[in-house]
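# Structural description and commentary
Listed below are the residues making up each chain.
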Amino acid sequence: MKAKIGVIIFIIIVFHNFYYLIKLKKMLPESNNQIFLKLMKESSTEEIIWMSGYICGFLSLQKKKKDKEEKKIIPLVYGTETGNAKNLAFSIYQEARKKNIIFKVISIDQYRLSDLEKEDYLLLIISTHGDGEPPSSAKSFFDFIHKKNDLNISKLKYSVLALGDKSYPFFCKAGEDIDKRLYKIGGTRIVPLFKCDTDYEVESKKWLFNILNFFKKKIIYEKSSLKKNNKNRIKCGNILNNILLSDKERGSNKEVYHIEILANNEVEYLPGDSIGIYPKNHKYEILEIFEFFKKNKLKENEKNNILKILEENVNISNVSENFLEKYFFFSHKKNFSIEKDVFIKKYKNYSIIDLLKKFPIRNTLKELVDIMENIKPRFYSICSSPKVHNNEIHITVSRHYFQSNGRVIYGHCSNFLSKLKKGDKIYFFIHKNHLFKLPSKEKDIILIGPGTGIAPFRSFLYEREFTESTGKNWLFFGDQHFNTDFLYQTEIQDWKKKGVLHYVSLSFSRDQERKIYVQDKIWENRLEFFSWINNGAYVYVCGKRKPMSIDVENMILKVIEKVGKLDPVLFINEMKKNGRYLKDVY
């Protein structure tokens, strides 16, 4: 019986392949063609059946492998009016490909709307057009997500990179609207919305860094430490000095530290670059979490693995909305009388242990760790010069804090850094900023950096002094009080005496009845300021985006219009186009 079946299969195979044998010479090189025909002639029926089965199985495995690879392709959708979003999308595609992460770049008007409910992941780069409207190519997508009420995107993980222009009132509104709508109808943010001004390179790189970091994650128990995953990128150093520059005991409203790090190996950076730091979690908080799950039976290696993950990899303080949404469904309290949206709003920025105490869960520690989010790096402008401070990196850190539900909450990384002592080990990486760079030595520069915005300009001035630059340097610095908040006062005064700084314009807002800010000093020196920029000076702004950088730019526009009698928008746009107006704001 088996022999008859074998013969029938053999006949089917022969007839099935007869047509293709005619074309065989076209499909195979002559040498391979001869080998194939010789093999067929010399093989028995059973051998041919076995070979046929082997080939079918091999092709099936190849197809599965191909399908699996295709599933890894992540749609990167762009909506553009001028072409910026498109160019950025293809640039991001190339960067991701270097990391073996494949994005499929699609114009938003070519994206199949019916695919949205099927997607696991979706990345969007959206520009804003006109009065806060999406570009014309994105109108169908925009209407689809806003008007189709039965959309189910509960499995979708997404992120939006919004492009805009701060000189317009509805900055990045189209991207903001899409981000809010996708979240409202059930999507989960991979990375929070990033908003980019016209000089979008730095912010878009930060967004991409976080996106790539997300897609590189493995199952929680396969997570290795950042030091192992990034052997070539992550650097190790030791704290040389941690100096308190201003604090409440001295009468300041701020707590600012100057921190010096000695790198263990050679480290390369340039003035204008930043340092990325992943803060560690406090051990006493980790032990509190373990205490809560003391009934969980963990093997020693499992315990050590989770301990390391909790210390180095996941966020256990200042929890996000995405985490709270998952935690809401974990809580087993029967009398959970609070609505999900209210819960998320009220308990955002709580720590894990505070949530556990208030809303206990039956899940295991391993299950809790699985929904925790990775610690995100914090970026600090480097305030040292590689030429002057050999293999050292200096940063200026303000210990951030805020009130939430009657509680004082400290910023995760700034709090971590403020507690480091001389000799403590720290891991970091260099974040290159290819735009925020010094010009050639003969060019004049204007540096506008209130508060900790002074940081990169300390680096600039050390570099200009060391290289004996002939270009003039003008510093605008401001803070609240002269006596308590004049950061790097001695160095600035020395540079002024030496002639490294040609002008220093200071503003301390709380030292007189009427508050005076850096933009007021620009207006006070408007004739000289316009003369500098009209003669080719480069302007650098560093510090808080809102309201400082906006107020400064508005004042510069006013100076151009009133003093120079020129079209201020055209003038400043030309400066930006030529790389003479540069911002590093946050």
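Residues numbered from 1 in each chain as written. Predicted model: local features only at pLDDT ≥ 70, side-chain atom pairs only at ≥ 80, totals over all residues. Heavy atoms only, no water.

Our focus in this paragraph is the overall build of the chain. For the chain, the count of helices and strands is 23 helices and 19 strands. Within the chain, the fraction of its 586 residues that count as buried is 48%. In the chain, the share of contacts with a sequence separation of at least 24, taken over all contacts with a separation of at least 6, comes to 76%. As displayed, the chain has an accessible area near 31800 Å², and 52% of this comes from carbon and sulfur atoms. (Helix = DSSP H or I, 4+ residues; strand = E, 2+ residues; numbered from the N terminus. Buried < 20%, exposed > 50% of the residue type's maximum accessible area, 1.4 Å probe, protein only. Contact = heavy atoms within 4.5 Å. Areas by Shrake-Rupley, 256 points an atom, 1.4 Å probe, with all protein chains shown as cover.)

What follows deals with the sheet that holds strand β17 (residues 503-508). In space, the five strands of this open sheet follow the order β17-β16-β15-β18-β19, with parallel pairing throughout. Every interior strand has two partners, whereas the edge strands, β17 and β19 (581-585), have only one. Averaged over all pairs of adjacent strands, the angle between strand axes in this sheet comes to 10 degrees, irrespective of strand direction. In this structure, strand β15 (residues 445-448) lies alongside strand β16 (residues 473-479), joined through four bridges in parallel fashion. Looking at the pairing, L447 lines up with L475 of β16. (Pairing = 2+ DSSP bridges. Axes fitted to C-alpha atoms, helices over the stretch in contact; angles between N-to-C directions.)

The subject of this paragraph is helix α19 (residues 489-498). Turning to α19, its buried residues number three or more, namely E491, I492 and W495. Considered in projection along α19, the buried side chains sweep an arc of 100 degrees and stay on one side of the axis. Summarising the geometry of α19, the exposed residues directed more than 90 degrees from the buried face are T490 and K497. Close packing links the buried residues of α19 with α17 (455-466), β16 and β17. (Arc of directions from axis to C-beta.)

The next subject is a nonpolar patch on the surface. A cluster of nonpolar side chains, Y401, V408 and Y410, forms an exposed patch at the surface whose accessible area comes to about 250 Å². Along the chain, the position of Y410 falls in strand β13 (residues 407-410). (Patch = residues over 30% accessible without salt bridge, like charges linked within 9 Å, V, L, I, M, F, W, Y side chains within 5 Å. Salt bridge = Lys/Arg side-chain N within 4 Å of Asp/Glu carboxyl O.)

By size, the foremost hydrophobic cluster in this structure holds 58 residues, and its most contacted members are F343, L355 and L368. Of the residues forming this core, the biggest block, five residues, is contributed by helix α12 (residues 321-330). (Core = buried A, V, L, I, M, F, W, Y, C linked by side-chain atoms within 4.5 Å.)

Okay, the pattern of salt bridges next. For the structure on display, the rule yields 28 salt bridges. Between D273 and K437 there is a salt bridge, with its nearest N and O atoms 2.6 Å apart. Residue D273 is located in the loop between β8 (256-263) and β9 (274-277), and its partner K437 is located in the loop between β14 (425-431) and β15; the two are separated by 164 residues in the primary sequence. With a relative accessible area of 1%, D273 lands in the buried category. It is possible to trace a salt-bridge network through shared partners that takes in D179, R189, E321 and K348.

In this section: the pairing of strand β7 (residues 235-246). Two faces, one strand: in a regular strand the side chains alternate between the faces of the sheet. When β7 meets β14, the two strands line up antiparallel, connected through four bridges. Residue pairing across strands places C236 opposite Y427, the latter belonging to β14. Pairing of β7 with β8, which is carried by eight bridges, proceeds in the antiparallel orientation. When the sheet's bridge partners are listed, N242 is paired in β8 with I259.

Attention now moves to the side chain of D177. Relative to the helices and strands, D177 is located in helix α7 (residues 173-184). Discounting residues that sit within four places of it in the chain, D177 has contacts with F142 and H146.

Helix length check: α17, at twelve residues, gives a terminal C-alpha distance of 17 Å against a target of 16 Å (1.5 Å per residue), a fit within 8%. Burial in α17 covers these residues: A455, P456, F457, R458, S459, F460, L461, Y462, E463 and R464. In the stretch just after α17, E468 is the one whose phi turns positive, near 50 degrees. (Expected span 1.5 Å × (residues − 1).)

Running from N to C, α12 and helix α13 (residues 340-347) cross one another at 130 degrees; their axes reach a closest spacing of 9 Å. By the angle between their directions, the pair α12 and α13 is classed as oblique. Considering the relative orientation of α12 and α13, their crossing is right-handed. For the pair α12 and α13, contact is made by E321, L324, E325, Y327, F328 and F329 and by K340, F343, I344 and Y347, respectively. Tallied by class, the residues present in the contact of α12 with α13 amount to seven nonpolar, no polar and three charged. (Parallel < 35°, antiparallel > 145°, perpendicular 65-115°, else oblique. Left-handed = near helix turned anticlockwise from the far one by under 90°. Nonpolar A, V, L, I, M, F, W, Y, C, P; charged D, E, K, R; others polar.)

Neither face of β9 is left uncovered, since the one carrying S274 and G276 and the one carrying I275 and I277 both have all their residues buried. Looking at chain direction, β9 and strand β10 (residues 378-381) are connected through four bridges and run antiparallel. Along β10, the bridge assignment pairs G276 with F379. Note that β9 and β14 share four bridges and pair antiparallel. The residue of β14 that forms the bridge with I275 is I430.

Bringing the environment of I153 into the picture now. Residue placement: I153 occurs in the loop between α6 (139-147) and β4 (157-163). The class for I153 is buried, based on a relative accessible area of 0%. Distance in space between the C-alpha atoms of I153 and I185 is 6.9 Å, their sequence separation being 32 residues. Leave out the neighbours within four places in its chain, and I153 touches L116, E117, L182, I185, G186 and G187.

Let's shift gears to unusual backbone geometry. Each neighbour pair has its own omega, and for K546 with P547 the value is -10 degrees, a cis peptide bond. With phi around 60 degrees, N391 is a residue other than glycine that occupies positive phi space. For N391, the location among the structural elements is in the loop between β10 and β11 (392-398).

With that out of the way, let us pick up the confidence of the model for the chain. Atomic detail in the predicted coordinates should be set aside for any region of low pLDDT. With 85% of its residues at a pLDDT of at least 70, the chain reaches an overall mean of 84. Note that residues 218-232 has pLDDT below 50 and, in this model, 23 contacts with residues that lie over four places away or in other chains. (pLDDT = per-residue confidence, 0-100.)

A separate point is the sheet that holds β10. Pairing between the strands of a sheet is mediated by backbone hydrogen bonds and can be parallel or antiparallel. The antiparallel open sheet is built from six strands, whose spatial order is β10-β9-β14-β7-β8-β11. Bordering the open sheet on either side are β10 and β11, each of which pairs with just one other strand. Direction aside, the axes of adjacent strands within the sheet are offset by 40 degrees on average.

Turning our eyes to something else, we now look at the packing of aromatic side chains. In the structure shown here, the tally under the stated rule is 36 aromatic pairs. Aromatic side chains F436 and F460 sit 5.8 Å apart centroid to centroid with 35 degrees between the ring planes, which places their arrangement in the tilted category. Within this pair, whereas F436 is found in the loop between β14 and β15, its partner F460 is found in helix α17, the two being separated by 24 residues in sequence. Through a chain of ring-to-ring contacts, the aromatic side chains of F328, F343, Y347, Y350 and F359 assemble into a single cluster. (Phe/Tyr/Trp six-rings, centres within 6.5 Å; stacked < 30°, edge-to-face > 60°.)

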